[in-house]
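Structural overview
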Amino acid sequence: MTTSPTVVLVHGAFAESASWNGVITRLREHDLSVIAAANPLRSLSGDADVVAGLVSSIDGPVVLVGHSYGGQVISGAVRGDDRVKAMVFVAAFAPEAGESIAELSGRFPGSTLGETLNAVALPDGSTDLYIRQERYHQQFAADLPPERAALDAVAQRPLNDRALNDKADEPAWRDLPSWFIYPELDFNIPLAAHRFMAERAGAREQVEIAGASHALPASQSAAVADVILKAVRTVA
């Protein structure tokens with residue numbers, strides 16, 4: 001295959017597309033086409049449909065990359081699309097069929113996310129969840145400078161409780177090569193959960209970043225880009 005793949009980056013909860021900026025800069029140094037998808041964070045099926053639609057518009061092979069809840073979304077977005085050749089999970093969920101991210105994060109001790117959340121009721125009966133701004137730095141991005149974390153706290157996009165509790169369909173990581181990179185000090189998804197999911201998925205490689213926070217795309221962009229490039233090289 002001579003066509004370089006397009007890298008599609010899917011952010012997770014409490015972040016937004018610009019959280020990938022450092023990763024994008026490094027990938028573009030390798031002349032790669034990169035798209036940072038806007039993940040609605042409303043429901044698993046709806047979010048996966050948005051990403052699937054984006055993937056279907058791309059000519060040539062695709063490497064899908066998900067951060068946090070975005071990992072669950074990219075698994076649902078594949079849906080038999082043979083353009084997708086590899087998956088990279090960045091501090092991300094990789095659920096089995098029938099699992100929700102709420103269930104997975106609670107299966108192992110170590111997550112302190114619940115106590116930091118602010119719930120906002122919506123007219124449709126659902127609830128949006130934000131990390132309280134004063135808790136954001138320590139909870140989500142402890143290895144970012146305080147000034148950057150404060151800006152990200154303001155710009156964060158909320159996760160709807162429907163997406164939190166939606167259950168995954170048959171996972172794409174069963175059939176596609178996958179890479180996992182995750183932080184040692186993740187207070188959203190416990191380290192034991194990351195290790196468990198990577199082992200279960202039969203990851204080509206697991207990279208654990210000592211001292212890093214959940215905000216890997218922003219705080220450890222060089223390491224994240226390196227793992228993505230490894231996945232790209234198996235496709236190109």
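Since we're looking at a predicted model, the values are computed, not measured. By convention here, each chain's residues receive numbers from 1 onward along its written sequence. Confidence filtering applies because this is a predicted model: local features only for residues at pLDDT of at least 70, side-chain atom pairs given and counted only at 80 or more, and all residues used for totals across whole chains, interfaces and linings. The side-chain quantities take in all heavy atoms of the structure and omit both hydrogens and water.

Counting its regular elements, the chain contains ten helices and nine strands. Dimensions of the chain, computed from the C-alpha atoms along their principal axes, are close to 50 × 35 × 30 Å. Buried residues are those whose accessible area, probed at 1.4 Å on protein chains only, stays under 20% of the maximum for their type, while exposed residues exceed 50% and partly exposed ones sit between those limits. Expressed as a percentage of its 236 residues, the buried residues of the chain come to 54%. We call two residues in contact whenever any of their non-hydrogen atoms come within 4.5 Å of each other. Expressed as a percentage of contacts within the chain between residues at least 6 apart in sequence, the contacts between residues at least 24 apart total 74%. Only runs of H or I of at least four residues qualify as helices and only runs of E of at least two qualify as strands under DSSP, and these elements are numbered from the N terminus.

Before going further, it helps to examine the packing of helix α2 (residues 44–56) against helix α3 (residues 69–78). The convention used is that axes are lines fitted to C-alpha atoms, helices contributing only their stretch in contact, and that angles between N-to-C directions extend from 0 to 180 degrees. One way to put it is that α2 packs onto α3 with a least axis distance of 8 Å and a crossing angle of 65 degrees. Taken together, α2 and α3 sit at an angle that is classed as roughly perpendicular. Between α2 and α3 the crossing geometry is right-handed. Here Leu44, Asp47, Ala48, Val51 and Ala52 of α2 come into contact with α3, specifically with Tyr69, Gln72, Val73, Gly76 and Ala77. In this classification, the charged set is Asp, Glu, Lys and Arg, the nonpolar set is Ala, Val, Leu, Ile, Met, Phe, Trp, Tyr, Cys and Pro, and all remaining amino acids, among them Gly, are polar. Residues that form the contact of α2 with α3 fall into these classes: seven nonpolar, two polar and one charged. Any angle between 65 and 115 degrees counts as roughly perpendicular, while under 35 counts as roughly parallel, over 145 as roughly antiparallel, and the rest as oblique. Helix crossings are classified by the rotation of the near helix relative to the far one: an anticlockwise turn of less than a right angle makes the crossing left-handed, while a clockwise turn makes it right-handed.

This brings us to the nonpolar core. Burial of nonpolar side chains together is a common tendency in soluble globular proteins. Working definition of a nonpolar core: buried Ala, Val, Leu, Ile, Met, Phe, Trp, Tyr and Cys residues. They are joined through side-chain atoms within 4.5 Å. By size, the foremost hydrophobic cluster in this structure holds 53 residues, and its most contacted members are Phe14, Leu64 and Phe180. Excluding residues that lie within four positions of it along the chain, phenylalanine 180 makes contacts with Phe89, Ala94, Met197, Ala198, Ala201, Ala203, Glu205, Gln206 and Val207. In terms of nonpolar packing, the next biggest core, distinct from the first, is built from 28 residues, Val7, Ile24, Leu32 and Val227 among them.

Let's shift gears to the sheet that holds strand β1 (residues 6–10). Strand pairing follows a simple DSSP-based rule, namely that at least 2 bridges must link the two strands. Overall, parallel pairing links the six strands, which are arranged β2-β1-β3-β4-β8-β9 in an open sheet. A single partner strand is all that each edge strand has here, and the edge strands are β2 (33–37) and β9 (205–209). The sheet shows a mean angle of 15 degrees between the axes of neighbouring strands, direction not considered. Bridge count between strand β3 (residues 62–67) and strand β4 (residues 84–90): six bridges; the pairing is parallel. Considered in β4, the bridge of valine 62 is made with valine 84. Docked against the sheet, helix α1 (residues 21–28) engages β1 and β2, running at close to 165 degrees with respect to β2.

The next point concerns the packing of aromatic side chains. Two rings belonging to Phe, Tyr or Trp (six-membered ring only in the last case) form a pair when the distance between their centres is within 6.5 Å. Interplanar angles under 30 degrees mark stacking, angles over 60 mark edge-to-face geometry, and anything in between is tilted. Per the stated rule, a full pass over the model turns up four aromatic pairs. Look at phenylalanine 14 and phenylalanine 140: their rings are 6.5 Å apart centre to centre, the planes differ by 85 degrees, and that puts the pair in the edge-to-face class. Here the residue phenylalanine 14 occupies a position in the loop between β1 and α1, and phenylalanine 140 occupies one in helix α5 (residues 133–140), the gap between them amounting to 126 residues. Its relative accessible area of 3% is what places phenylalanine 14 among the buried residues.

Take it as geometry only, folks, not as evidence of what the structure does.
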